[in-house]
Amino acid sequence: MTKTINLFTPYAGKISIQNKIVMAPMTRSRAIGNIPNQLMAQYYAQRASAGLIITEGTAPSPNGLGYARIPGIFSQEQIAGWKLTTQAVHAQGSKIFVQLMHTGRIGHSANLPVGAHLLAPSAISANEAMWTDTQGMQTTDTPKAMSIEEVEACIEEFAQAAANAIEAGFDGVELHGANGYLLEQFLNPGVNQRTDDFGGNIENRIRFVVEATKAVVERIGADKVGVRISPYNTFNAMPAFNETVETYKRLVESLNSLDIAYLHVVDYAARATEEGQALLKTIRGSFSNTLIFNAGYTKERAIKAIENQEADLISFGSSFIANPDLPYRFANDIPLSTPNPETFYTPGEAGFIDYPNAE
Ligand SMILES: Cc1cc2nc3c(=O)[nH]c(=O)nc-3n(C[C@H](O)[C@H](O)[C@H](O)COP(=O)(O)O)c2cc1C
């Protein structure tokens, strides 16, 4: 008889964790001055019954700080600030990866530190609404198209941020290749209109993600690296494009050849079509290491997905905001609390560290 794979039992891959429940990366905008702090350490420690925590999107470069109060991991002060979190989470017996999020064109100059620039593959504005602490609601700026030197410098920033993450005590890093930020901006031909080696055909459009991942792997080792992707994503003004299947097939093959620890797929847009569902199966078949699925999972759907071996781990986002003890609640059939979206991105404790455990 084959043994049923259980959501609540430990998982051993390149990462070994206490259960198959992952806390998805979530921007919470509590990093005043872009520096991680004690309040954030408390928030993550409260959620350390997750097998793996992936932090909020964290900028590898001042140019990647498109949103107000998001943390970075490029300065010594930020490394010191993150140590509070990694120590607190490890003390609770969990593991934690930092998500490296370069916002690319999703940003506003009022959010950037002095001397930083909004950069993207091409000078095409997302025209999205963007909160700034000093000027209220604004529209995202038109980014500067990156020169080849800026592309290369940015890849090095990812590698250095990864080294900084290890210094800060993280178990690894996740490159944010999803949800319309810089890495996905390179993948999408509607946003990437470059005519050099980083734009045009599929090999060229996946090059930035692959090169950045490779640089990170070379710096900290493949076992400490994950990548997040979101095929068919349209969030952050990402237009649909014809070669989605071929682009992601090639990307996943390339990431697989780098032997990274995990691939984290935001799957809700793909699930909406038969073509997308087939792509998810192809990804499962062509990626050899740990596969994490995310978006809109209930406990029941997660158990099914794990039992059917559609993925190895499931990550949960918003339900972890309001339920710090989410694995315990799942295991004991305790009803979930509902998170309040009004405090998702507001500074301070309210809606951040004040959601109680079930007991
Ligand atoms: C408040 C909030 C902030 C988020 N910030 C990020 C982020 O920084 N990086 C990221 O990859 N996804 C981010 N997401 C998306 C989540 O990781 C996840 O994909 C989404 O919430 C869907 O999963 P769920 O249905 O379990 O909530 C965010 C989601 C929420 C609700």
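Scroll up a little and you will see the structure.
In this report, we go over the structure that sits alongside the text. (Residues numbered from 1 in each chain as written. Predicted model: local features only at pLDDT ≥ 70, side-chain atom pairs only at ≥ 80, totals over all residues. Heavy atoms only, no water.)

What follows covers the overall build of the protein. The helix and strand tally for the protein stands at 11 helices and 14 strands. Its C-alpha atoms put the protein at 55 × 45 × 35 Å along the principal axes. Here the protein, with 359 residues, has 57% of them falling under the buried criterion. Residue pairs at least 24 apart in sequence account for 72% of intrachain contacts in the protein once pairs closer than 6 positions are excluded. With an accessible surface of roughly 13900 Å², the protein has 51% of that area assigned to carbon and sulfur atoms. (Helix = DSSP H or I, 4+ residues; strand = E, 2+ residues; numbered from the N terminus. Buried < 20%, exposed > 50% of the residue type's maximum accessible area, 1.4 Å probe, protein only. Contact = heavy atoms within 4.5 Å. Areas by Shrake-Rupley, 256 points an atom, 1.4 Å probe, with all protein chains shown as cover.)

Across the interface, helix 5 (residues 202-220) lies against helix 6 (residues 244-257) with an axial gap of 10 Å and an inter-helix angle of 35°. Where helix 5 crosses over helix 6, the two elements pack in a sense that is right-handed. From helix 5, Ile202, Glu203, Arg205, Ile206, Val209, Val210 and Thr213 reach across to helix 6, where they touch Glu246, Thr247, Arg250, Leu251, Ser254 and Leu255. Partitioned by chemical class, the residues of the contact of helix 5 with helix 6 number six nonpolar, three polar and four charged. (Axes fitted to C-alpha atoms, helices over the stretch in contact; angles between N-to-C directions. Left-handed = near helix turned anticlockwise from the far one by under 90°. Nonpolar A, V, L, I, M, F, W, Y, C, P; charged D, E, K, R; others polar.)

Attention now moves to the pairing of strand 14 (residues 313-316). A regular strand places its side chains so that they alternate between the two faces of the sheet. Of the two faces of strand 14, the one holding Leu313 and Ser315 and the one holding Ile314 and Phe316 are both buried throughout. Relative to strand 14, strand 3 (residues 21-23) runs parallel, the two sharing three bridges. Considered in strand 14, the bridge of Ile21 is made with Ile314. (Pairing = 2+ DSSP bridges.)

Before going further, it helps to spend a moment on the pairing of strand 7 (residues 129-132). Only one face of strand 7 is covered, namely the one carrying Met130 and Thr132; the face carrying Ala129 and Trp131 has none of its residues buried. With four bridges joining them, strand 7 and strand 8 (residues 136-139) adopt antiparallel strand pairing. Bridge pairing in strand 8 places Ala129 opposite Thr139. Where strand 7 hands over to strand 8, the hairpin turn is made up of three residues, counted between the paired strands.

This paragraph deals with the side chain of Asn179. Summarising the element assignment, Asn179 is placed in the loop between strand 10 (172-177) and helix 4 (182-187). Sequence-distant contacts of Asn179, defined by excluding residues within four places in its chain, comprise Glu184, Arg228, Ser230, Asn233, Phe235, Asn236 and Val266.

A word on helix 1 (residues 38-46). Among the residues of helix 1, Leu39, Met40, Ala41, Tyr43, Tyr44 and Ala45 are the ones counted as buried. Where helix 1 is buried, its residues touch strand 3, strand 4 (52-58) and helix 2 (76-91). Sitting at the head of helix 1, Asn37 places a side-chain oxygen 3.2 Å from the backbone nitrogen of Leu39. (Polar contact = N/O pair within 3.5 Å; in protein donor to acceptor, adjacent residues only side chain to side chain.)

Attention now moves to the nonpolar core. Phe208 and Leu263 are the most contacted members of the largest nonpolar core, which totals 85 residues. The element contributing the most residues to this core is helix 5, with 10 residues. Sequence-distant contacts of Phe208, defined by excluding residues within four places in its chain, comprise Val151, Cys154, Ile155, Phe158, Leu182, Leu183, Phe186 and Phe198. Counting 12 residues, the second largest nonpolar core, distinct from the first, contains Ala116, Ala126, Met130 and Tyr181. (Core = buried A, V, L, I, M, F, W, Y, C linked by side-chain atoms within 4.5 Å.)

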